[in-house]
Amino acid sequence: MIFMAEKPSSKKSSAFPEFYKKAPAERLALVKEFAGLNDEEAKALGNWGALGEATAKGMIENTVGTTALPLGFATNFLINGKDFLVPFALEEPSVVAAASNAAKLCRPSGGFRCECDDSVMIGQMQFVNARSALAAVKKVNAARDKLRVMANECDKTMCERGGGCRDVRARALETQRGEMLIVEIFVDVRDAMGANAVNSMCERLAPGIAELVGGEARLRIISNLATRRLARAKAVWKARDLEASFAAAGSDFKLSGKEIVERILDGWAFAAADAHRACTHNKGIMNGVDAVCVACGQDWRAMEAGAHAYASLSGKYSPLTRFEATDKGDLVGFIEIPVQVGIVGGASRTHPTARACLKVLGVASGREFGEVLAAVGLAQNFAALRALATEGINKGHMALHARNIAILAGAAGDEIELVASRLVDAKCVKVDKARELLEQIRG
Ligand code: MEV
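Given the structure is predicted, the values throughout are model-derived calculations rather than measurements.

**Regarding the packing of helix H10 (residues 257-273) against helix H11 (residues 275-295)**
Between H10 and H11, whose axes approach to 6 Å, the crossing angle comes to 115 degrees. Like other packed secondary-structure pairs, H10 and H11 cross with a definite hand, here left-handed. For the pair H10 and H11, the contacting residues are Trp268, Phe270, Ala271 and Ala273 in the first and Ala275, Arg277, Ala278 and His281 in the second. In terms of residue class, the contact of H10 with H11 is made up of six nonpolar, one polar and one charged.

**Section: the site of the ligand**
Around the ligand sit Glu92, Arg277, Thr280, His281, Lys283, Gly284, Asn287, Ala384, Leu388 and Ile393, and those are all the residues in its vicinity. A distance of 2.8 Å separates an oxygen atom of the ligand from a polar atom in the side chain of arginine 277. One nitrogen or oxygen atom from the side chain of lysine 283 is found 2.7 Å from an oxygen atom belonging to the ligand. In the complex, 84% of the free accessible area of the ligand, which totals 300 Å², lies under the protein chains. Taken together, the elements giving at least two residues each to the shell around the ligand come down to H11 and helix H15 (366-389). With six residues, H11 is the single largest residue contributor to the shell around the ligand. Of the residues in the shell around the ligand, the class split is three nonpolar, four polar and three charged.

**Observations concerning the packing of aromatic side chains**
Counted by the stated rule, this structure contains seven aromatic pairs. Aromatic pair tryptophan 237 and phenylalanine 323: ring centres 6.3 Å apart, planes at 40 degrees, arrangement tilted. In this pair, tryptophan 237 sits in strand S8 (residues 230-237) while phenylalanine 323 sits in strand S9 (residues 321-325), placing the two residues 86 residues apart along the sequence. Taken together, the ring pairs in this structure connect Phe77, Phe112, Trp237, Phe323 and Phe382 into an aromatic cluster. Positioned over the ring face of phenylalanine 19 is arginine 27, at 6.0 Å from the centre of the ring. For the cation-ring pair, arginine 169 lies above phenylalanine 186, with the distance from its terminal atom to the ring centre recorded as 5.9 Å.

**Some thoughts on a nonpolar patch on the surface**
Together, Leu71, Phe73, Leu85 and Val360 line one region of the surface with nonpolar side chains, adding up to about 310 Å² of accessible area. Mapped onto the secondary structure, phenylalanine 73 falls in strand S1 (residues 71-79).

**What to know about the environment of lysine 238**
Of note, lysine 238 is situated in the loop between S8 and helix H9 (239-248). Taking the C-alpha atoms as reference, lysine 238 lies 9.5 Å from lysine 258; in sequence the two are 20 residues apart. Ignoring any residue separated from it by four or fewer positions in sequence, one finds lysine 238 in contact with Pro108, Ser109 and Asp330.

**Concerning empty space enclosed by the protein**
Under the defined criterion, the tally for this structure stands at one cavity of 30 Å³ or more. In this model, the largest cavity occupies a volume close to 30 Å³. Every residue along the wall of the largest cavity is listed here: Cys116, Asp117, Ser119, Arg229, Val339, Val341, Gly366 and Arg367. Split into classes, the residues belonging to the lining of the largest cavity amount to three nonpolar, two polar and three charged.

**Thoughts on the pattern of salt bridges**
Throughout the structure, instances matching the rule amount to 25 salt bridges. In this structure, glutamate 153 and arginine 204 form a salt bridge, with 3.2 Å as the shortest nitrogen-oxygen distance. With glutamate 153 in the loop between helix H6 (144-152) and helix H7 (156-160) and arginine 204 in helix H8 (residues 195-213), this residue pair connects regions lying 51 residues apart in the sequence. The closest approach of N and O atoms between glutamate 436 and lysine 433, which form a salt bridge, is 3.4 Å. Taken together, the positions of glutamate 436 and lysine 433, both in helix H18 (residues 431-441) and three residues apart, correspond to about one turn of that helix. According to the relative accessible area criterion, glutamate 436 is partly exposed, its value standing at 38%. Using a relative accessible area of 23% as the deciding quantity, one classes lysine 433 as partly exposed. Each member of the salt-bridge network shares a partner with another, and the members are Glu115, Asp117, Arg232 and Glu336.

What counts as what
The residue count restarts for each chain, going from 1 along the sequence in the order it is written. With pLDDT at 70 or above as the cut-off, local features in this predicted model cover only qualifying residues; side-chain atom pairs require 80 or more to be listed or tallied, and sums for whole chains, interfaces and linings still use all residues. Water and hydrogen atoms play no part in the side-chain values, which are based on all heavy atoms of the structure. Working convention: axes come from line fits to C-alpha atoms, limited for helices to the stretch in contact. Angles between N-to-C directions cover 0 to 180 degrees. What counts as a helix is a DSSP run of H or I of at least four residues, what counts as a strand is a run of E of at least two, and both are numbered from the N terminus. Crossing handedness is read from the near helix: turned anticlockwise from the far helix by less than a right angle, it gives a left-handed crossing, and turned clockwise, a right-handed one. Contact between two residues is taken to exist if any of their heavy atoms lie within 4.5 Å; hydrogens are not considered. As a working rule, the residues Ala, Val, Leu, Ile, Met, Phe, Trp, Tyr, Cys and Pro are called nonpolar, Asp, Glu, Lys and Arg charged, and the rest polar, with Gly in that last group. Residues are classed as near a molecule or strand on a simple rule: at least one heavy atom within 4 Å of it. Think of a polar contact as two N or O atoms within 3.5 Å of one another; within protein, one of them needs to be a possible hydrogen donor and the other a possible acceptor, and neighboring residues in sequence only count if both atoms come from side chains. Shrake-Rupley sampling with a 1.4 Å probe provides the accessible areas, and residues are treated as covered by the protein chains on show and by no other component. Working definition: rings of Phe, Tyr and Trp (its six-membered ring) pair if their centres are within 6.5 Å, and the pair is stacked with planes under 30 degrees apart, edge-to-face with planes over 60 apart, and tilted otherwise. Ring-over charges, as used throughout, are those where CZ of Arg or NZ of Lys falls within 6 Å of the ring centre and within 35 degrees of the ring normal. Each patch is assembled from residues with relative accessible area greater than 30% and no salt bridge, linking like charges that lie within 9 Å and nonpolar side chains (Val, Leu, Ile, Met, Phe, Trp, Tyr) that lie within 5 Å. Salt bridges are counted wherever a side-chain nitrogen of Lys or Arg sits within 4 Å of a carboxyl oxygen of Asp or Glu. Throughout, the protein atoms alone are placed on a 1 Å grid, and a set of points is a cavity if a 1.4 Å probe fits but cannot get out or a pocket if it is open with protein on both sides within 12 Å along at least five of seven lines; lining residues have an atom within 4 Å of a point. Grid points are joined across faces, edges and corners, and a volume is the space filled by probe spheres set on the points. Between buried and exposed lies partly exposed: a residue is buried under 20% and exposed over 50% of the maximum accessible area for its type, with that area taken using a 1.4 Å probe on protein chains only.

Printed below as a string of structure tokens:
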């Protein structure tokens, strides 16, 4: 039934004529009326924050304001011998603390060793109705050099920076709608994320290729499965540091370092064997990766899509990390993840907060940015496995979660900490309980 055309059930219509032409304040007034918002709620939508009205309006359509997320910095990240303060923007408690703690615990063994491939993105062009896909493949492959030069005429600046189209490859693809010709370009986008450059090259090349093969050009777009742009990180957590880490954090949880390593390996093996667990395992990795991307004005949807597609590339959805025990019984972790981020262009330049975050992060290139993301992903995953395999995840979440619950129950000022700590002591972090405690406190 859901596929049948239905008459609108409500009297309210969201078909605002020329909504896009209106000023943000007018749009906000319409939204307010549509949803019956009070003044305070409308004010929360019409906030321009650090972005400012003019910039925000230039970024997306139908703008009424901006939204805010907490911004924090993860500490202790030692990557290839260099220290980084890493910006995280997200709403989830414990993520920043977990990353900082994981980075701290591997510092004694040198922190993270990372590397990143050249920034090569793949652009795809689809051609249909070619007389023979096989003959078309031959023709395109024979014209590769000419096509590469044509692509590079699109982006002289990128070529001057040492980037540009490196190769062009054609292949026939069997699909549900018949055989197609797929032409791919491999473009070194240097310090950019690269979508605009690659899409422009695809659009530029497609008409000539269509003529060459006697077919029709259809889709011309970047692939977010960035298999030519992989970042890798490795870190060692010493068993003795793992053993000492609970007491150092004020916990009375006790296990030998060897046992903690074994438990983490069991946790990883669960993800390696089971897609339902692997999905959550990788979600934990992306908690950190996405948060850094959001803070730095990156296309985190591209990172997400690429990471999960890469996790499925073998045909079986798998963890993006691997953990092993070293000869000495310490824990060693690895990650390999496709990265598609830039330090030039896009919101990384136009968004003042993103610009400032990138300045604090201080990466010298897109590749170094990729290395930081790999380190963050590995740190986040280590922290989640360590918590899950030992004390459980709730303990870490509780303190901040309890503060949020206290605020939701109406606590203000000093009351927040007081209610939060009593909620944790009572092992019952619920709004009802927080209200009860608040009443007690207020006498
Ligand atoms: C929660 O946001 C992330 C975790 O579920 C990750 C994991 O299970 O590995 C804790």
